[in-house]
2 protein chains.
Amino acid sequence: MAGKNIDKIPEPTLRRLPWYLSNVKLMRERGETYVSSTQISKEINIDASQIAKDLSYVAITGRTRVGYNIDLLIQVLEDFLGFTCIHRAYLFGVGSLGGALLRDTGLKQFGLEIVGAFDVNPELVGTEINGIPIFHTDEAEQRVKESGVNIGVLTVPINIAQEVTDRMVEAGMKAIWNFTPFRIRVPEKIVVQNTSLYAHLAVMFNRLNETIK
Amino acid sequence: MAGKNIDKIPEPTLRRLPWYLSNVKLMRERGETYVSSTQISKEINIDASQIAKDLSYVAITGRTRVGYNIDLLIQVLEDFLGFTCIHRAYLFGVGSLGGALLRDTGLKQFGLEIVGAFDVNPELVGTEINGIPIFHTDEAEQRVKESGVNIGVLTVPINIAQEVTDRMVEAGMKAIWNFTPFRIRVPEKIVVQNTSLYAHLAVMFNRLNETIK
């Protein structure tokens, strides 16, 4: 029962923090040196009190009437969100979306470095995309264990999504970024982040149909 | 006050439907002809009653003890989610992520066809990626109006995200799929779907830190 009892930060807060970060960066480009939650609120249409509450999680406090020091706020947010240190990851499944992610250099700017990829396609194994080597899936377990990499990006077809997940967990992965529309099952303690582009598409199509009918 | 008063489908339900779809497709591959909410529940760890309730929105009813006809369920879900008809879209900003999305052939399978892209980079304008032509941003308004395309994919740098959004709306776009970490402002009635990969990364890094510290 020792140690500090730090509240787990709510997911909605975590999702809003990158919005604040990107807006505050723009304000700095415009020459601002201090920024208040009221100013951020005007830019992005979220209650100033909500913003102040969210920012209290990252252990930064604004000064009355002056607000937050803008450089400090950016640094604290970037550190807190994990964008300033590099997290290494392996990608599983170099299909259309997997290949696209290997080519997206933006991920590294936000702290994710894909150091290798796995696939079974003999035309891909042994090649590289964007400097990232592609290995045969049979090598995955050993490479994961030797490298200490603990994040896996899942972009395989849905019919093998669970099987590949099980192998990732067995090899020692602690977090899985799941881009498949399949709901994978994992043991407790393994972090799963679902980013199904196609589920987002479905939401958008449905809302669009409502507005134009 | 005329017309049917259909309840708006809740977003959590909309996000779960693609999970059911992908699981039910796998069951069909395994040779099943009927599937019950209880069976789906076992596969994906969601309450059977929740699944039955979600499926009631797509106007399909299962038969007691037998469940849903699997072919019919798949067809109804695909239609409902908008995956069976093609929605045309323009992409704005052919950077690293934008280029990656142009190369992702998976989007078309789920109903989104990107018919063209816009950028200001003279090295890109006039070329194509994956058969999709890239035009100068100055042509956007006219091309959008002439084509009747009403979905825009936003992958520009954050410092011009709002400006490009305003131009998209003015040209007649009804839905914007926003991949930037910037919270764009739009008039009422315009649909915005936010898919910030980097915000998802932040959530994953944070959860991972909690489990391994």
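Residues numbered from 1 in each chain as written. Chains lettered and ligands numbered in written order. Predicted model: local features only at pLDDT ≥ 70, side-chain atom pairs only at ≥ 80, totals over all residues. Heavy atoms only, no water.

As recorded by an unreviewed UniProt entry, chain A carries the name Redox-sensing transcriptional repressor Rex and is attributed to Phocaeicola barnesiae. Taken from UniProt, the Sequence similarities (unreviewed entry) comment for chain A reads in full: "Belongs to the transcriptional regulatory Rex family." (UniProt positions renumbered as here; feature names shortened; annotations may be inferred.)

**What to know about the side chain of Thr165 of chain A**
Residue and element names in this part refer to chain A. The residue Thr165 is located in helix H8 (residues 161-171) in this model. The buried category is assigned to Thr165, whose relative accessible area is 0%. In contact with Thr165, not counting residues within four places along its chain, are Leu154, Ile176, Ile184, Arg185 and Val186. (Helix = DSSP H or I, 4+ residues; strand = E, 2+ residues; numbered from the N terminus. Buried < 20%, exposed > 50% of the residue type's maximum accessible area, 1.4 Å probe, protein only. Contact = heavy atoms within 4.5 Å.)

**Re the sheet that holds strand E3 (residues 87-92) of chain B**
Strands pair in a sheet through their backbones, by hydrogen bonds, and they do so in one of two ways: parallel or antiparallel. Strand order across the open sheet formed by seven strands is E5-E6-E4-E3-E7-E8-E9 (chain B), with mixed pairing between neighbours. Bordering the open sheet on either side are strand E5 (128-129) and strand E9 (191-194) of chain B, each of which pairs with just one other strand. The pairing of E3 of chain B with strand E7 (residues 151-154) of chain B spans four bridges and is parallel. By the bridge assignment for E7 of chain B, Tyr90 of chain B is matched with Gly152 of chain B. Taken strand by strand, helix H9 (residues 197-212) of chain A contacts E3, strand E4 (112-119), E7, strand E8 (175-178) and E9 of chain B, and its axis lies near 170° from that of E9 of chain B. (Pairing = 2+ DSSP bridges. Axes fitted to C-alpha atoms, helices over the stretch in contact; angles between N-to-C directions.)

**With respect to the UniProt feature "binding site: NAD(+)" (unreviewed entry) in chain A**
Residues and elements named next belong to chain A. Listed under "binding site: NAD(+)" (unreviewed entry) in the UniProt record, and renumbered for this structure, are Gly93, Val94, Gly95, Ser96, Leu97 and Gly98. Checked against the element boundaries, Val94 lands in the loop between strand E3 (87-92) and helix H5 (96-103). Overall, Val94 belongs to the buried group, its relative accessible area being 8%. What Val94 contacts, discounting residues up to four positions off in sequence, is Gly99, Leu102, Ala117, Phe118, Asp119, Leu124, Ile129 and Ile134. Note that Gly98 resides in helix H5. By relative accessible area, Gly98 is classed as buried at 1%. Ignoring anything within four residues of it in the chain, the contact list for Gly98 reads Leu91, Gly93 and Thr155.

**Considerations on the relation of the copies chain A and chain B**
Between chain A and chain B, the superposition needs a rotation of 180° and an axial shift of 0.0 Å, giving an RMSD of 0.0 Å. Taken together, the rotation angle and the small translation identify this as a two-fold axis. Across chain A, the smallest distance between a C-alpha and the rotation axis is recorded for Ala100 of chain A, namely 2.2 Å. (Least-squares fit on C-alpha atoms with pLDDT ≥ 70 in both.)

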